[in-house]
Amino acid sequence: MHCIANEGSVMATLQEARNGLRATTDWAYERLGLRSLTYHVPSYANGIPYVLGGITLFGIVILIATGIYLTQFYHPNPTDAHASVFYIVNEARFGDFVRSVHFWTANIVMITLLLHLIRVVVNGAYRAPREVTWAVGVGLLVVMMGFFFTGTVLKWDQEAFEALGHNEGIGTILGSLGVWFTSEFSRSTSLLARVYASHTSILPAILTLLVLGHLYLIRFHGIAPRPGDEEAELSQKLQAAEQGETVQGMSHFNVHVRKIVAYGLLLTALAAVLSIFRAASLGPAPVPGIEVTKPAWLFIWLYPFENWWGLESLLWIPGVLIGALLAVPLLDRFRVNSTRRQWVVLGIAVIALAVVIGLGTYAAVTTPAEHLVD
Ligand code: HEM
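Quick caveat: nothing in here was measured; it's all calculated off a predicted structure.

About the thresholds
Residues numbered from 1 in each chain as written. Predicted model: local features only at pLDDT ≥ 70, side-chain atom pairs only at ≥ 80, totals over all residues. Helix = DSSP H or I, 4+ residues; strand = E, 2+ residues; numbered from the N terminus. Contact = placed C-beta atoms within 7 Å. Near = placed C-beta within 6 Å. Buried ≥ 20, exposed ≤ 12 C-beta atoms within 10 Å, placed from the backbone. Axes fitted to C-alpha atoms, helices over the stretch in contact; angles between N-to-C directions. Parallel < 35°, antiparallel > 145°, perpendicular 65-115°, else oblique. Left-handed = near helix turned anticlockwise from the far one by under 90°. Nonpolar A, V, L, I, M, F, W, Y, C, P; charged D, E, K, R; others polar.

(A) How the structure looks around the overall build of the protein chain. When helices and strands are tallied, the protein chain shows twelve helices and two strands. Overall, the protein chain is about 85 × 60 × 40 Å in size when its C-alpha atoms are taken along their principal axes. Intrachain contacts of the protein chain at a sequence separation of at least 6 include 79% that bridge at least 24 residues.

Okay, structure coming up:
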């Protein structure tokens, strides 16, 4: 009897809590205009392949938060930089952990970003009317690689020092066009300090503009139909759902956002676990005049080209690839669901994977060569 009474009061408390939560949510929805975010999206947009862009964005938020913490201790002066990272690792409160979460999140985000790109390619989602969304995406890829590169330089160990040497070397090859990438540009501020400025203000500013443009265009065009489905048919269904008709296979944007947050939290948990078991590395302070390291995994496929064709190849190979990526919407003339297109995409994917694995293996087995030291 006593037990039933207790159960009743627990249920009543739970109901009260639920009502309270609903009232608060309603209040927030009304005041913040969140109802406008409950528009319809196709339910396939909640599947993992379609939330990879959102997960990447969530990861970027974690990178900003952890990055701001690191700026409290980091010193971008070449004589103090390595010691300040050493301080972060060994003395700053939670420094080692926060730095490692920053490092692992950066790596995971580059993977989700590349997977997002692959999804867009497989989907043929770069086609009209989404060519500009694609082009802005290519810009985002370049900026994210810029973040990865400048982040590697900031830790100011041997790998960082040599990476910056390559930056300076390429700037020199470009002559007056590349002077900004060299120490020549400013006598008052070191190149390392300017790399720090790029990592913490220039690239974030460009990233913000590009992300805003990307999101605006995605909202404007809506998510692309799945291969085999017609664009017009999808927008008709979405319109009908907005007008209150019951349409199969529809969901809401707020559900989509909840999925992104859930996967984003999983990504953060993964970065935290990796940080506990394997902290971000820091090599000894740099020694000028030697070249003994290889690039980080994201750039390792370029290493063999540098061995074969010299420093210039680091300029024109990425340039050609970026140009080719930008041209993808112009080059693809197949129907989205044509079997020939599927074979071509599969063929390119297999060849690209084989080339990247081949180049990576070559880079891993060769002894570091000297590209900068005369
Ligand atoms: C910081 C990097 C990026 C972020 C945060 C981002 C974010 C997003 C988000 C949230 C979406 C909505 C659907 C989805 O998540 O799949 C999306 C769609 C899209 N993204 Fe990205 N993206 C990034 C980079 C790229 C890159 C590198 C490309 C290609 C070069 C690209 C091309 C596209 C295209 C074409 C769409 C429309 C796809 C569709 O309608 O199905 N994005 N992006």
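Having seen the model, we can carry on.
(B) Examining the site of the ligand more closely. Contacts to the ligand come from 29 residues, most closely from Gly53, Ala125, Gly137, Leu141 and Ala224. Listing elements by their share of the shell around the ligand, those giving two or more residues are helix H2 (48-71), helix H4 (95-123), helix H5 (131-154) and helix H7 (191-221).

(C) Structural view of the environment of Ser84. Locating Ser84 in the fold gives a position in helix H3 (residues 81-90). Take Ser84: there are 19 C-beta atoms within 10 Å of it, and that puts it in the partly exposed class. C-alpha of Ser84 to C-alpha of Phe73: the two residues are eleven residues apart in sequence and 6.4 Å apart in space. Apart from residues lying up to four places away in sequence, Ser84 is in contact with Phe73, Tyr74 and His75.

(D) Here's a closer look at the packing of H4 against H5. Contact geometry of H4 with H5 gives a least axis separation of 11 Å together with a crossing angle of 160°. Comparing their axes, H5 and H4 come out roughly antiparallel. Between H4 and H5 the crossing geometry is left-handed. Two secondary-structure elements touch here, H4 through Ala106, Met110, Leu113 and Leu117 and H5 through Leu141, Met144, Phe148 and Gly151. A per-class count over the contact of H4 with H5 returns seven nonpolar, one polar and no charged.

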